[in-house]
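This is what each chain is made of:
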Amino acid sequence: MKHLAERARQVIPGGVNSGQRSIPGLTDLVITEAAGARFRDSQGREYVDYHAAFGPPLLGHNDPDVGAAVAEAGRTVDLCGVGVTAGEVELAETLAELVPSVEKVLLTSTGSEATFHALRVARAATGRRLVVKFQGCYHGWHDAVSLNVISAPEKVGTHDPISTGILPEVLEATLVLPFNDEQAVRRAFAEHGDDIAAVILEPVPHNVGCLLPEQEFLRTLREECTRAGSVLIFDEVITGFRHHLGGWQAISGITPDLTTMGKAIANGYPVGALGGRADLMELFSSRPGGPAFFAGTYNGHPAVVAAALATLRKLREEPVHEHVFRLGERIRTGLAEVFASLDIPALVSGYGSVFVGYFMTGPARTYDDLLRNDANMFIGYRRRLLEHGIFELPLNLKRSHVSYAHTDADVDHLLESAATAAELARGDVLDLTGASTMGGADAHR
Ligand code: PMP
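Residues numbered from 1 in each chain as written. Predicted model: local features only at pLDDT ≥ 70, side-chain atom pairs only at ≥ 80, totals over all residues.

K.L.:
How would you summarise the pairing of strand S3 (residues 46-49) if you had to cite specific residues and measurements?
P.N.:
The pairing of strand S2 (residues 38-41) with S3 spans three bridges and is antiparallel. Opposite Arg 38, over in S3, you have Val 48 as the bridge partner. The loop that links S2 with its antiparallel partner S3 comprises four residues; one of these, Gly 44, has a positive phi angle of about 80°. Relative to strand S13 (residues 390-391), S3 is paired through two bridges, and the arrangement is parallel. (Pairing = 2+ DSSP bridges. Helix = DSSP H or I, 4+ residues; strand = E, 2+ residues; numbered from the N terminus.)

And the structure:
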């Protein structure tokens, strides 16, 4: 029988269903089982999973409590597409209680839909055209904001392959600024303030690993948006629930006007959400005359709503954050020691459950700083970790995640393996053909 990966390539473009699931050097990966902190492939290899599907399974794969809630929902009700269910009300109330900016909230199936609608309503509310985004941040696959993740403004729409096919008008309506640069923000507002509909950012740009935001930068965004009447959008698709039940806004004390959520909200089931100021959210009201249209056949599907409720309940009732923060800290400290003991220049960054070891010396405040990362070493080290049964996505600038299912023994194993993997990777000469070393098409998810 033909290998499944080969069959996939015959009928699925590139053999996978999302960008970056096909990894150079790992193109025949067929996943067969996932549970807790591990997954297995069709060749019987088992990996401790720190990739975590780009972030959702904070509780670990196939969490039994979440699975039971989904099964129970399936016995009770399924999609009827009219009215509202008790689960949707409970989930909206929970989000309004947890997330500081959320007065009203709508459910989507993905994070991309949430950011799409956030930008649309910002343009509808302000009657303005421009959106400000930041280098290193990714907000989904759609055209509402130019996709380019890293580009300097002069490169927008010209050199960035993932923006191909987007209307030039959309690219021109996107201002791309360096992260953590409040002067650039002030200049953009001084020049274009009257035409800026929204500022959107990942409060922690995790799509290039982990750049931590400076408090002064976030404060400047809040100040300038308030003064100019622009909508401040925190894209908390990654940071939400993973770093704090109230997202980065609860950590920083800076409250945006709108918040987008996804990923860890439902431990891997397809749920996104857009919430925020009631006056903005009310523009989506389905009453006749509501100026912003919002719809989706699968929005608020009872099965995924049950998954979100069960996930949030467990995050609130069990010491999930305490556990993943402790293991995350152990890993960050341990890796820094391992690389230092080998005299390998490294900057281990992260927050809470997220960690990423860049092979460069610090500090890293902006995307440009990350260009000093040695991609050859970054990818080579992770390829070597695979030999130890450890999966950190072997693509440049990817972050790794700890879940509630990871144990101290998993961390011990990672730290022991890291020394061997880093030592060997130092001598490796990789063929990085097809593996972007600079971000661009490979810099997001
Ligand atoms: N925003 C951020 C910050 C993301 O990381 C992602 C996905 N990686 C999205 C939005 C889009 O979410 P989705 O893939 O669920 O559409």
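There's more to say after this.
K.L.:
Requested: an account of the domain arrangement of the chain, with residues and values cited.
P.N.:
What the domain assignment lists for the chain is domain 1 (4-62 + 318-442) and domain 2 (64-317). Averaged C-alpha coordinates put domain 1 and domain 2 at centres separated by 26 Å. Counting residues at the interface gives 29 residues for domain 1, matched by 32 residues for domain 2. Elements with a minimum of two residues in the side of domain 1 that touches domain 2: strand S11 (347-351), strand S12 (354-358) and helix H12 (367-370). Looking at side-chain class alone, the side of domain 1 that touches domain 2 contains 15 nonpolar, nine polar and five charged residues. (Domains from an automatic or database assignment. Contact = placed C-beta atoms within 7 Å. Nonpolar A, V, L, I, M, F, W, Y, C, P; charged D, E, K, R; others polar.)

K.L.:
Let's hear about unusual backbone geometry: which residues, and what values?
P.N.:
Look at the link from Gly 362 to Pro 363: it is a cis peptide, with omega at -5°. Its location among the elements puts Pro 363 in the loop between S12 and H12. One non-glycine residue, Ala 53, lies in positive phi territory at about 55°. Inspection of the secondary structure assignment puts Ala 53 in the loop between S3 and helix H2 (64-76).

K.L.:
Describe the nonpolar core, and please don't skip the residues or the numbers.
P.N.:
What tends to happen in soluble globular proteins is that the nonpolar side chains get buried as a cluster. Counting residues in hydrophobic clusters, the biggest one holds 126 residues, and the most contacted among them are Val 199, Val 231, Ile 233, Ala 273 and Ala 307. Per-element tally for this core: the top contributor is helix H10 (residues 302-317), with nine residues. Taken domain by domain, the makeup of this core includes at least three residues from each of domain 1 (4-62 + 318-442) and domain 2 (64-317). Setting aside its immediate chain neighbours within four residues, Ala 307 contacts Val 66, Ala 69, Val 70, Ala 266, Asn 267, Tyr 269 and Val 271. (Core = buried A, V, L, I, M, F, W, Y, C linked by C-beta atoms within 7 Å. Buried ≥ 20, exposed ≤ 12 C-beta atoms within 10 Å, placed from the backbone.)

K.L.:
Tell me about the site of the ligand, residues and numbers included.
P.N.:
Near the ligand you find 16 residues, and of these Thr 110, Gly 111, Ser 112, Gly 140 and Val 237 are the closest. Split by residue class, the shell around the ligand holds four nonpolar, nine polar and three charged. (Near = placed C-beta within 6 Å.)

K.L.:
Summarise the sheet that holds strand S6 (residues 174-177); cite the residues concerned and give the values.
P.N.:
A sheet is described by the order of its strands in space; here seven strands give the open sequence S4-S10-S9-S8-S7-S5-S6, paired in mixed fashion. Two strands close off the open sheet at either side, each with one partner strand: strand S4 (104-108) and S6. In this sheet, neighbouring strand axes are inclined to one another by 20° on average, regardless of whether the strands run parallel or antiparallel. By the bridge criterion, three bridges tie strand S8 (residues 231-235) to strand S9 (residues 258-261) in an arrangement that is parallel. (Axes fitted to C-alpha atoms, helices over the stretch in contact; angles between N-to-C directions.)

K.L.:
Run through the sheet that holds S13, naming residues and quoting values.
P.N.:
Hydrogen bonds between backbone atoms are what pair the strands of a sheet, whose relative direction is either parallel or antiparallel. Strand order in the open sheet formed by four strands is S1-S2-S3-S13, and the pairing between neighbours is mixed. Where the open sheet ends on each side, the last strands, each with one partner, are strand S1 (31-35) and S13. Relative to S2, S1 runs antiparallel, the two sharing four bridges. By the bridge assignment for S2, Ala 34 is matched with Phe 39.

K.L.:
An account of helix H13 (residues 375-386) is needed here, citing residue identities and associated values.
P.N.:
For H13, which comprises twelve residues, the first-to-last C-alpha distance of 17 Å matches the rise-based estimate of 16 Å (1.5 Å per residue) to within 8%. Burial analysis of H13 places ten of its twelve residues in the buried class, which makes it a mostly covered element. Where the residues of H13 are buried, they touch S12, S13 and helix H14 (408-427). (Expected span 1.5 Å × (residues − 1).)

K.L.:
Could you give an account of helix H6 (residues 182-192), with specific residues and numbers?
P.N.:
Burial in H6 covers these residues: Ala 184, Val 185, Ala 188 and Phe 189. All buried residues of H6 project into a common sector of 135° when viewed along the axis, lining one side. In H6, the exposed positions angled more than 90 degrees off the buried face are occupied by Gln 183, Arg 187, Ala 190 and Glu 191. Those residues of H6 that are buried are in contact with strand S5 (130-134), S6, strand S7 (196-201) and helix H7 (215-228). (Arc of directions from axis to C-beta.)

K.L.:
How would you summarise the packing of helix H3 (residues 86-98) against H10 if you had to cite specific residues and measurements?
P.N.:
For the pair H3 and H10, the least separation of the axes is 9 Å and the interaxial angle reads 40°. Judged on the interaxial angle alone, H10 and H3 are oblique. Between H3 and H10 lies a crossing of left-handed hand. Residues Gly 87, Glu 88, Glu 90, Leu 91 and Thr 94 of H3 form the contact with H10, whose own contacting residues are Pro 302, Val 305, Ala 306, Ala 308, Leu 309 and Leu 312. (Parallel < 35°, antiparallel > 145°, perpendicular 65-115°, else oblique. Left-handed = near helix turned anticlockwise from the far one by under 90°.)

K.L.:
Describe the environment of Ala 292, naming the residues involved and giving the relevant values.
P.N.:
Mapped onto the elements of the fold, Ala 292 is located in the loop between helix H9 (278-281) and H10. Ala 292 sits in the partly exposed class, given 17 other C-beta atoms within 10 Å. Each C-alpha atom of the pair Ala 292 and Leu 280 lies 9.7 Å from the other, and the pair is twelve residues apart in sequence. In contact with Ala 292, not counting residues within four places along its chain, are Arg 120, Val 121, Ala 124, Leu 283 and Phe 284.

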